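Fold and contact review
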Amino acid sequence: MRILDTPSNIQLQSQHTATFHNDRLKDHRILREWAIFLRGRFDCFQAAEGNPFELDSSILSEDISKALLRLYRSPPKTLKHLIELKGRNGLGSCAVCGSLHNTQIDHYLPKDVFPEYAVLSKNLIPACNCNQAKWKNYKGTSTDERFINPHYDQFSHRRLLYVRFSNARREYGTWIAPSAKVELHIAKGTREHRIAEFHLRELLDRTKLSEWQAEQFRMLCQGGRRYLPGARSSMTSGQIKKEILTELRKADYQHGGSNNWRSIFFFSISRGRNFDFIWKNRASIFG
Ligand SMILES: [Zn+2]
């Protein structure tokens, strides 16, 4: 859930052209034969911004499908962007779910359904393993029921999620993890809300996001200064909030964007009843 920087379309097109006309590749004959068709399909993808409701999968021969999947598995030097993506895991967070890892590349439109987009840069996303099962259901039944696309959905730079913590309590001196309900922080009835709702329901709710948030809240209660080193129980509520917002900005910077799990946590505790709870228990949390 973040916006990705990708090379310009012209750079990407030249990488694809150089690949499909590379006589040294094992599959060069079939790739050359399909080059114009594939270029057309890439243009369609670009025009539709990868929206699965506007793109049908093509009927490709088995030969070209296999050749494209082989290209994806062992990209030649000409597919620079793909090689760079495969070697890079320093993004700071998963572009799909916002967890603090990204260890693999995934396809926005699944490569088994859309083999023509197996090596298309704008279809590739650095992600964690949150996506193992999800791509089979890459769209819902009505328009806008699709996943957030980090290449095109500009709204994903905004804060999209809020976690409502409830029922945190202490038993025999130890804090118990609260329940954590992840909610959307976007105006209802909008296109963005419908997309994000699908993303939340079909993907985020199947990750460890809410358990992770609950555990962070428990640890915050247990030793608040580890999370907010500058906070003191003697501070005013405005000063404590300022400490939270400082950590929020750091998390945005370190993990890229505002929807990584750490930013979601700091954003959530900076507001509403979550903040009231921290304020009420400040003596024990920061003492
Ligand atoms: Zn993920």
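Residues numbered from 1 in each chain as written. Predicted model: local features only at pLDDT ≥ 70, side-chain atom pairs only at ≥ 80, totals over all residues.

Along its length, the chain carries 11 helices and six strands. Within the chain, buried positions represent 38% of all 287 residues. Within the chain, counting contacts between residues at least 6 apart in sequence, those at least 24 apart form 69% of the total. (Helix = DSSP H or I, 4+ residues; strand = E, 2+ residues; numbered from the N terminus. Buried ≥ 20, exposed ≤ 12 C-beta atoms within 10 Å, placed from the backbone. Contact = placed C-beta atoms within 7 Å.)

Quick look at the nonpolar core now. Counting 63 residues, the largest nonpolar core has Val 96, Cys 97 and Val 119 as the members making the most contacts within it. Considering each element in turn, this core owes the most residues, six residues, to helix α9 (residues 261-269). With residues near it in sequence (within four places) discarded, Val 96 still touches Asp 106, Ile 125, Ala 127, Cys 130, Asn 131 and Leu 203. (Core = buried A, V, L, I, M, F, W, Y, C linked by C-beta atoms within 7 Å.)

Time to look at the domain arrangement of the chain. Partitioning the chain into structural domains gives domain 1 (9-135) and domain 2 (158-286). Taking only C-alpha atoms into account, the centre of domain 1 sits 36 Å from that of domain 2. Contact residues are listed per partner, giving 10 residues for domain 1 and 13 residues for domain 2. When its residues are assigned to classes, the side of domain 1 that touches domain 2 shows five nonpolar, four polar and one charged. (Domains from an automatic or database assignment. Nonpolar A, V, L, I, M, F, W, Y, C, P; charged D, E, K, R; others polar.)

Tracing the sequence through the fold places Glu 192 in helix α5 (residues 191-202). Distance from Glu 192 to Ser 156, taken between C-alpha atoms, is 8.9 Å for residues 36 residues apart in sequence. Aside from chain neighbours lying at most four places away, what touches Glu 192 is Phe 155 and Ile 186.

Attention now goes to the packing of helix α1 (residues 9-20) against helix α2 (residues 28-48). Where α1 contacts α2, the two axes come as close as 9 Å, and the packing angle between them is 160°. Put simply, α1 runs roughly antiparallel to α2. Between α1 and α2 lies a crossing whose hand is right-handed. Contacts between α1 and α2 involve Asn 9, His 16 and Phe 20 from the former and Leu 31, Arg 32, Ala 35, Leu 38, Phe 42 and Gln 46 from the latter. (Axes fitted to C-alpha atoms, helices over the stretch in contact; angles between N-to-C directions. Parallel < 35°, antiparallel > 145°, perpendicular 65-115°, else oblique. Left-handed = near helix turned anticlockwise from the far one by under 90°.)

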